[in-house]
Amino acid sequence: MESHSHTERHQGWKTSKSTDMIFRGITAACAALVLIVMAGIFASLLWNSLPSIRHSGISFLFSKAWDPVSENFGALSSIYGTLMSTAIAMLLAVPLSMVIALFLVELAPPKVSYVVGSAIELLAAVPSIIYGMWGLFVFAPFMADHVQPLLSKYLGWLPLFQGPEMGIGMMTAGIILALMILPFVSTVMRDVFAMVPDVMKEAGYGMGATTWEVTKDVTIRYGIQGMIGACLLGLGRAIGETMAVTFVIGNSSDIFISLFEAGNSIASRLANEFAEAADPMYMSALMELGLVLFLMTFGLQVVTQLWLKRVKRKMGGDLL
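If you're wondering where the values come from, they're calculated on a predicted model, not measured in any experiment.

Novice: For this particular structure, what's the right way to read empty space enclosed by the protein?
Specialist: By rolling a water-sized probe across the atoms, one finds the places where empty space is left. Following the criterion strictly, the structure yields two cavities of 30 Å³ or more and no others. As a volume, the largest cavity reaches approximately 60 Å³. Taken together, Tyr80, Met84, Met170, Asp254, Ile255, Phe256, Ile257, Ser258, Leu259, Glu261, Ala262 and Gly263 make up the lining of the largest cavity. Partitioning the lining of the largest cavity into residue classes produces eight nonpolar, two polar and two charged.

Novice: Explanation requested: the nonpolar core in the structure shown.
Specialist: Nonpolar side chains tend to gather and get buried jointly when the protein is soluble and globular. Ranked by size, the top nonpolar core spans 37 residues in total, and within it Met171, Ile176, Met189 and Phe193 carry the most contacts. Looking at this core, the elements that each hand over two or more residues are helix H2 (76-107), helix H4 (128-155), helix H5 (170-194), helix H8 (224-239) and helix H9 (243-248). Ranked by the residues each element gives to this core, the list is headed by H5, at 13 residues. Apart from residues lying up to four places away in sequence, Met171 is in contact with Ile88, Met143, Leu151, Phe161, Leu259 and Phe260.

Novice: I would appreciate a short explanation of the layout of surface pockets in the present structure.
Specialist: Of the voids in this model, the largest pocket is the one considered here, and its volume is about 220 Å³. Lining the largest pocket we find 14 residues, and of these Met90, Cys231, Leu232, Leu235 and Thr304 sit closest to its centre. Taken together, the elements giving at least two residues each to the lining of the largest pocket come down to H2, H8 and helix H11 (280-315). For the lining of the largest pocket, the element with the highest residue contribution is H8, accounting for seven residues. For the lining of the largest pocket, the class distribution of residues is 12 nonpolar, two polar and no charged.

Novice: Any chance you could explain the pattern of salt bridges here in plain terms?
Specialist: Oppositely charged side chains can pair when the atoms bearing their charge come close. In this structure the tally under the stated criterion is six salt bridges. A salt bridge links Lys201 to Glu106; the shortest N-O distance between them is 3.4 Å. Of the two residues, Lys201 sits in helix H6 (residues 198-206) while Glu106 sits in helix H2, which places them 95 residues apart along the sequence. Take Lys201 and Glu106: they sit in the same class, and that class is buried. For Glu241, the salt bridge identified is with Arg237, shortest N-O distance 3.5 Å. Among the charged side chains, a salt-bridge network with shared partners connects Glu121, Arg190 and Asp191.

Calculation notes
Sequence order sets the numbering: in each chain, residues are counted from 1 along the sequence as written. pLDDT decides what is reported in this predicted model: residues at 70 or higher carry local features, side-chain atom pairs at 80 or more are listed and counted, and totals for whole chains, interfaces and linings draw on all residues regardless. Calculation of side-chain values draws on the structure's entire complement of heavy atoms; hydrogens and water are dropped beforehand. Points on a 1 Å grid over protein atoms alone make up a cavity when a 1.4 Å probe fits among them but cannot get out, and a pocket when they form an open set with protein on both sides within 12 Å along at least five of seven lines; lining residues each have an atom within 4 Å of a point. Grid points are joined across faces, edges and corners, and a volume is the space filled by probe spheres set on the points. Ten residues, namely Ala, Val, Leu, Ile, Met, Phe, Trp, Tyr, Cys and Pro, are considered nonpolar, four, namely Asp, Glu, Lys and Arg, are considered charged, and the remaining ones, Gly among them, are considered polar. Within this scheme, the nonpolar core is defined by two criteria: the residues are buried Ala, Val, Leu, Ile, Met, Phe, Trp, Tyr or Cys, and they are joined through side-chain atoms within 4.5 Å. Remark: exposure states derive from per-residue accessible area (1.4 Å probe, protein chains only) relative to the maximum for the residue type, with buried under 20%, exposed over 50%, and partly exposed in between. Labels follow the DSSP assignment, with helices taken as runs of H or I lasting at least four residues and strands as runs of E lasting at least two, numbered in each case from the N terminus. Working rule for contacts: check all heavy atoms of both residues, and any pair within 4.5 Å makes them a contact. The term salt bridge refers to a pairing of a side-chain nitrogen on Lys or Arg with a carboxyl oxygen on Asp or Glu at a separation within 4 Å.

This is how it looks when you write it as structure tokens:
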């Protein structure tokens, strides 16, 4: 009887071990698939960009010329527009998302938190082209009639707020992007703050800390890694957004310091011109623009992750 029981336990152990190995293999394959897809995208972009790379060389990154007829291509204005519109969006969306998330988790009554949180999440379901159409027909006229004249009146001495008050331009594109990434960033931050153990916050209150001190020294510090992850999610959405930016950025190849002026981004240029690229060199130049956008996104992710590790070392691992 004991031998039979021992045999059953041994068979159960072998079955459990086999199941664990199968599960580990499936999860490892799924993780490897992500890397394979990324490598495939990079290889495809690089291969199709080779004619343009040979034709323009490094000057492609430092020239703002874009003349398909004479095959004179440059990515500088598109790179500038991408970085500038993304920076405006992140500067607006990240602080607002953090304040919203803290309010919903720390201060708002449960019913209010549920209603407001659900409403914010619904914004994420709105298609980007709707944001673009609303931005062009509603928000751009509002910017031209009210916001830009006000900024020009009081801050016109700054180069950033000089220029024609047309409504469309770099500032409008950045604000539309901020509205688009706000639901993603605030929702992730809210979930991160909600995961902070209650015992840690109660310990802070028990030591006499105020709500602000507990929020600053416990909630934010505990969730700093998740907050940065939320910012990366918003950054990835903002830097590659196409249709909404195409509607409101103005699609100009020039580079201006003023936020009122029109510009273009890599994504908007691809959306505007990809269907018209009949010439092989023209198509290759657009593929090289896509390669630049891919490398920019990857580079920003790497830099942010390195900065995150530095923050973790500085703050200590007890709350992270």
